[in-house]
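Observations on chain architecture
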Amino acid sequence: MSPAAVCLATIFAIVAVGTIVGFLAGVRRRMDLEQWTVGGRGFGVALVFLLMAGEVYTTFAFLGASGWAYSRGGPTLYVLAYLTLAYVMSFFILPQIWEAGRRHGMQTQSDFFLARYGNPWLAGCVCIVGIVCFVPYLQLQITGVGLIVSIASYDGIAPGPAMAVAVALLVAFVCVNGVRAVAWVSIVKDVLMVLAALAIGIGVPLIHFGGIGPMFQALVHAHPTHLTMPGATRNLGHAWFISTVLLTSLGFYMWPHSFAASFTARSADTLRRNAVVMPLYTLTLAFIFFAGFAAVLVVPGLPNGDLALLTVVRQSFPPWFLGVVGGAGALTAMVPASIFILTAATLFAKNLYRPLFAPAMSDAQVGRLARVTVVVLGLISLCLALYSSPTLVSLLLTGYAGVTQFFPGVVLGLYWPRVSARGVFAGLLAGVGGAVFLMTTHRDPLFGLSAGFLALCLNFLIVVIVSLVTPAVSRERSPRPGTVAWAADA
Amino acid sequence: MRKPSSAALLLALVPFVAMCFSVPLWDRIEPMVLGLPFNLFWLIAWIVLSSGCMWLVYRLECARAAAEQRAP
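Residues numbered from 1 in each chain as written. Chains lettered and ligands numbered in written order. Predicted model: local features only at pLDDT ≥ 70, side-chain atom pairs only at ≥ 80, totals over all residues. Heavy atoms only, no water.

Next up on the list: the overall build of chain A. Per the secondary structure count, chain A includes 21 helices and zero strands. In chain A, once contacts between residues fewer than 6 apart in sequence are set aside, the share between residues at least 24 apart is 85%. For chain A, the exposed surface amounts to about 17,200 Å²; the carbon and sulfur share of it is 69%. (Helix = DSSP H or I, 4+ residues; strand = E, 2+ residues; numbered from the N terminus. Contact = heavy atoms within 4.5 Å. Areas by Shrake-Rupley, 256 points an atom, 1.4 Å probe, with all protein chains shown as cover.)

For the rest of this paragraph, the subject is helix H16 (residues 319–357) of chain A. In an α-helix, one turn spans 3.6 residues, which is why side chains three or four residues apart end up on the same side. With 39 residues, H16(A) extends 53 Å from end C-alpha to end C-alpha; this agrees with the ideal 57 Å at 1.5 Å per step. Here H16(A) lies mainly inside the structure; 32 of its 39 residues are buried. (Expected span 1.5 Å × (residues − 1). Buried < 20%, exposed > 50% of the residue type's maximum accessible area, 1.4 Å probe, protein only.)

Let us now look at a nonpolar patch on the surface. Residues and elements named next belong to chain A. A cluster of nonpolar residues, Val372, Val376, Ile380 and Leu384, forms a patch on the protein surface that exposes about 310 Å² of accessible area. Relative to the helices and strands, leucine 384 resides in helix H17 (residues 363–386). On the accessibility criterion, leucine 384 (33% relative accessible area) is partly exposed. (Patch = residues over 30% accessible without salt bridge, like charges linked within 9 Å, V, L, I, M, F, W, Y side chains within 5 Å. Salt bridge = Lys/Arg side-chain N within 4 Å of Asp/Glu carboxyl O.)

Further remarks concern the packing of aromatic side chains. Applying the stated criterion to the full structure yields 28 aromatic pairs over all chains. Each ring, one from Tyr82(A) and one from Tyr400(A), has its centre 6.2 Å from the other, and the planes form 85 degrees; the classification is edge-to-face. Taken together, the positions of Tyr82(A) in helix H5 (residues 78–104) and Tyr400(A) in helix H18 (residues 392–403) put the pair 318 residues apart, joining distant regions of the chain. The same class applies to Tyr82(A) as to Tyr400(A), namely buried. Consider the rings of Phe38(B) and Phe41(B), whose centres lie 6.4 Å apart with planes at 45 degrees: the pair is tilted. Of this pair, Phe38(B) and Phe41(B) both sit in helix H3 (residues 38–70), three residues apart, which is roughly one turn of the helix. (Phe/Tyr/Trp six-rings, centres within 6.5 Å; stacked < 30°, edge-to-face > 60°.)

The next point concerns the interface of chain B and chain A. Contacts between the two partners involve 36 residues from chain B, matched on the other side by 44 residues from chain A. Together chain B and chain A conceal approximately 3,400 Å² of surface at their shared face, both sides included; 81% is due to carbon and sulfur atoms. Run the count over chain B and chain A and you get zero salt bridges. Elements with a contribution of two residues or more to the side of chain B that touches chain A: helix H1 (6–21), helix H2 (23–26) and H3 of chain B. For the side of chain B that touches chain A, the element with the highest residue contribution is H3(B), accounting for 14 residues. (Buried area = accessible area lost by both parts, 1.4 Å probe.)

Under the defined criterion, the tally for this structure stands at three salt bridges over all chains. With a closest N to O distance of 3.0 Å, Asp269(A) and Arg273(A) form a salt bridge. Remark: Arg273(A) and Asp269(A) occur in helix H13 (residues 268–281); sequence separation between them is four residues, near one turn of the helix. Residue classification places Asp269(A) among the partly exposed positions, given a relative accessible area of 22%. What makes Arg273(A) partly exposed here is its relative accessible area of 41%. Here Arg64(B) and Glu61(B) are joined by a salt bridge, their closest N and O atoms 3.5 Å apart. Highlighted residues: Arg64(B) and Glu61(B), both in helix H3, separated by three residues, approximately one helical turn. Taking relative accessible area as the criterion, Arg64(B) reaches 24% and is therefore assigned partly exposed.

Here we take up the nonpolar core. As a rule of thumb, soluble globular proteins bury nonpolar side chains together. Ranked by size, the top nonpolar core spans 168 residues in total, and within it Ile97(A), Phe112(A), Phe113(A), Phe241(A), Phe289(A), Phe293(A) and Leu40(B) carry the most contacts. With 18 residues, H5(A) is the largest single contributor of residues to this core. If we skip the residues at most four places from it in the chain, Phe112(A) touches Ile97(A), Met106(A), Phe259(A), Gly409(A), Val410(A), Leu414(A) and Trp486(A). Counting residues in each nonpolar core, the second largest holds nine residues, with Ile14(A), Val188(A), Val324(A) and Val335(A) among its members. (Core = buried A, V, L, I, M, F, W, Y, C linked by side-chain atoms within 4.5 Å.)

Turning our eyes to something else, we now look at the confidence of the model for chain B. Looking at chain B as a whole, the pLDDT averages 86, with 94% of positions reaching at least 70. This complex was scored by the predictor with a pTM of 0.84 and an ipTM of 0.92. (pLDDT = per-residue confidence, 0-100.)

Attention now moves to the side chain of Asp111(A). Residues and elements named next belong to chain A. Summarising the element assignment, aspartate 111 is placed in helix H6 (residues 109–117). Taking relative accessible area as the criterion, aspartate 111 reaches 9% and is therefore assigned buried. A distance of 3.2 Å separates the side chain of aspartate 111 from the backbone nitrogen of threonine 108, its partner in a polar contact. Among the polar contacts made by the side chain of aspartate 111, one reaches the side chain of asparagine 351 at a distance of 2.7 Å. With sequence-adjacent residues up to four places away left out, aspartate 111 is seen in contact with Gly105, Met106, Lys350 and Asn351. (Polar contact = N/O pair within 3.5 Å; in protein donor to acceptor, adjacent residues only side chain to side chain.)

With respect to the secondary-structure elements, Asp190(A) resides in helix H9 (residues 179–209). Expressed as a C-alpha distance, the spacing of Asp190(A) and Ala328(A), which sit 138 residues apart in the sequence, is 8.1 Å.

This next bit is on the packing of H5(A) against H13(A). Residues and elements named next belong to chain A. Where H5 meets H13, the axes come as close as 8 Å, and the angle between the chain directions of the two elements is 175 degrees. Compared by their axis directions, H5 and H13 come out roughly antiparallel. Facing H5, whose interface residues are Thr84, Tyr87, Ser90, Phe91, Leu94, Pro95, Trp98 and Glu99, H13 presents Ala268, Leu271, Arg272, Ala275, Met278 and Pro279. Class assignment of the residues belonging to the contact of H5 with H13 gives a composition of ten nonpolar, two polar and two charged. (Axes fitted to C-alpha atoms, helices over the stretch in contact; angles between N-to-C directions. Parallel < 35°, antiparallel > 145°, perpendicular 65-115°, else oblique. Nonpolar A, V, L, I, M, F, W, Y, C, P; charged D, E, K, R; others polar.)

Written out as structure tokens, the structure reads:
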């Protein structure tokens, strides 16, 4: 067999196993809306860990992190800091969100805003911003699969058909199984991803330099400034690092899917314990960085940094191993992509379509509409990926800057009884507007600070000022003075 | 909604200071530790230490919840 055939067969086998595991996970379970979207709120520490790890380690972590290490150097280290700090943050917000979710039967992020602030326009706005922010993220995952298959076939298969197959598979397993399938496929994906990362991170420096230490010695010798900030960039210095780490670690659980994943937990304690163990998972990424840094010397001059990891693997290992890495990579794209599609579809059907157009719909009908939406969203993202523009990275960063604007509404909603619906609404609009303005006018970073972070500061300021001059949410009906009032309790 | 204790919040602030705000202090290559540039080594060490901090926070909050249950 040719190297390309060995490699593609391995990838196909891995994706097939992953998909079968997904289909088996949902068999013999009655699928109502609650079971489909939040797994019946019955996941323990292990499954929640896998679900969250599954959606966190996307193609961006796998190909993107190594790509940044390759093309930008030092500033990439922000990834290690922000993921760890996001989990630290999660300890203080996710258990509270879970508690509220159980009390008010929440399934989505938009449900949270509706229950806390009692304002359907605010909830609708949260829903729309969330769905819009998903689109570029989803597009990135599908493009990632195309890239992987194309390199693994030694440039024999065009990315287009590969993307189409990936989309068909993930739409099928999301439609049939919902969130439980995703958690179980994550097991296959995570085991492979950890093994692949270790093998690459240790193997590549060993083969070309005789170890990780000598590799860094050689890199420091050849490119003395590559490993510290601003690395190979001009304007990504320490101020950028601090503002970006804050923006992304605070915004991390504001992605609608990460937010909703907390509802799948069996108890608030599950989420607390999860916050203790999750940082350790970030260690895997360090190994992916080693490979990215090694690629600077081994395969210099690539047109696109995202190709660095796979190209260096193709040069260092036999074809079957490139297949294993490609298969793990394909699953790292498909698992998060299916979570994005699942979350966006539920948001659309439950929080936008039903309240606006069909208030009388039953849960079962909402479930069916969500499944139809899954198919439609899959096709939309496939089209976007096929005709993607080169500004993909700037779209993705706008997405992150967008979802982080939910942070004031969530955190103040949990801990500040005085916060008002109008304050949160005004802050959200100002934050999203500010971020979009700064980014579309190419002012990111501004004064060395990340644009999304500046928008977040503006957002916080406006929420606090407007809240102080408008009435809080049904405060007099609050059970105990000084505790947070829930509009849905009234 | 029970608010976290200030001891827990202070402990959780430690990783933020170590990994984020203090970046000018540790963003350098020398001294290389275990073959890694110093900034990379520092972050990797703090991934593990952060998990340790959160374990302490968890123990603290559990003890507090238990104490509150005994004497409401």
